Amino acid sequence: MQTLHVDADTWMHRLSPRAKLLALAALGLLLFLTQSIPVLACAKLAGAGLYFRSGLPVGEALKRLRPIFISIAVLAVFAALFGPLHIAIVTALRLTALALFAAAVTATTSMSAFIDEITALAMPLEKIGLLKAADIGLAVGLVIRFVPEILDRYRAIREAHQARGIKVSLPTTLVPLIILTLRDADNIAAAIDARGIRRQ
């Protein structure tokens, strides 16, 4: 599997994974508590500054976020059509800023560090019997690692359709994408169970 982590040596790479995750959670909360366009615009610029200093070339950095940006643009258009323009702008700025901050954290934190921190943060919930912390860490790690795989698989399906002269549409790409993803999920679950990684 691929990873979204960028192997570089920046100050964000050296920052504690826990500090980055807690800062991301706090920033996410603050972004949803404000509707000020200037504040959200500044947050977007700050997020972009952090993300584009993560060690990725600009082209690759933009490529990674293209699907997210397209989704945000579509959501903003619908918000503008069915509600006040101010709300649409706030929504677009808020989600873009959050996506940039999250991308910066993901690019500068290794998968093992993510899993370790999520597991540690979930330990209080395990102590009161709500869940198993190790399972939460594993689940989050698998989700993060699946993201680039799913995007690459979608591009491969789209290119195969274009090569065969088939019109690229949501139904023709979504069905094979779901089938391939579920097949891989089953294989990974079987491998996890065979190795006894998940505690009973």
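It should be noted that the structure appears before, not after, this text.
For the structure given in this document, a descriptive report is provided here. (Residues numbered from 1 in each chain as written. Predicted model: local features only at pLDDT ≥ 70, side-chain atom pairs only at ≥ 80, totals over all residues. Heavy atoms only, no water.)

**What to know about the pattern of salt bridges**
Reasoning step 1: Within the structure shown, the criterion is met by two salt bridges.
Reasoning step 2: Note that Arg18 is salt-bridged to Glu117, the shortest N-O span being 2.8 Å. On the criterion of sequence distance, the pair formed by Arg18 in helix α2 (residues 17-33) and Glu117 in helix α6 (residues 111-127) is long-range, its members being 99 residues apart.
Reasoning step 3: The salt bridge involving Glu60 is made with Arg64; its shortest N-O contact spans 3.5 Å. Of this pair, Glu60 and Arg64 both sit in helix α4 (residues 58-82), four residues apart, which is roughly one turn of the helix.
Reasoning step 4: The class for Glu60 is partly exposed, based on a relative accessible area of 32%. (Salt bridge = Lys/Arg side-chain N within 4 Å of Asp/Glu carboxyl O. Helix = DSSP H or I, 4+ residues; strand = E, 2+ residues; numbered from the N terminus. Buried < 20%, exposed > 50% of the residue type's maximum accessible area, 1.4 Å probe, protein only.)

**Topic: the layout of surface pockets**
Reasoning step 1: When its volume is computed, the second largest pocket comes out at roughly 190 Å³.
Reasoning step 2: In terms of lining residues, the second largest pocket is bounded by Lys63, Arg66, Pro67, Ile70, Leu151, Tyr154, Arg155 and Arg158.
Reasoning step 3: Those elements that place two or more of their residues in the lining of the second largest pocket are α4 and α7 (133-163).
Reasoning step 4: Split by residue class, the lining of the second largest pocket holds four nonpolar, no polar and four charged. (1 Å grid on protein atoms, 1.4 Å probe; cavity = no way out; pocket = protein on both sides within 12 Å on 5 of 7 lines; lining within 4 Å. Points joined across faces, edges and corners; volume = space filled by probe spheres on them. Nonpolar A, V, L, I, M, F, W, Y, C, P; charged D, E, K, R; others polar.)

**Description of the packing of α4 against helix α5 (residues 85-107)**
Reasoning step 1: The interhelical angle for the contact between α4 and α5, taken along N-to-C directions, is 165 degrees, at an axis separation of 8 Å. Compared by their axis directions, α4 and α5 come out roughly antiparallel. Handedness of the α4/α5 crossing: right-handed. Contacts between α4 and α5 involve Leu65, Ile68, Phe69, Ile72, Leu75, Ala76, Ala79 and Ala80 from the first element and Leu85, Ala88, Thr91, Ala92, Leu95, Thr96, Ala99, Leu100 and Ala103 from the second. (Axes fitted to C-alpha atoms, helices over the stretch in contact; angles between N-to-C directions. Parallel < 35°, antiparallel > 145°, perpendicular 65-115°, else oblique. Left-handed = near helix turned anticlockwise from the far one by under 90°. Contact = heavy atoms within 4.5 Å.)

**Some remarks on a nonpolar patch on the surface**
Reasoning step 1: A cluster of nonpolar side chains, namely Ile70, Val74, Val77, Phe78, Leu81 and Phe82, defines an oily patch on the protein surface of about 660 Å² accessible area.
Reasoning step 2: Topologically, Phe82 is positioned in helix α4. (Patch = residues over 30% accessible without salt bridge, like charges linked within 9 Å, V, L, I, M, F, W, Y side chains within 5 Å. Areas by Shrake-Rupley, 256 points an atom, 1.4 Å probe, with all protein chains shown as cover.)

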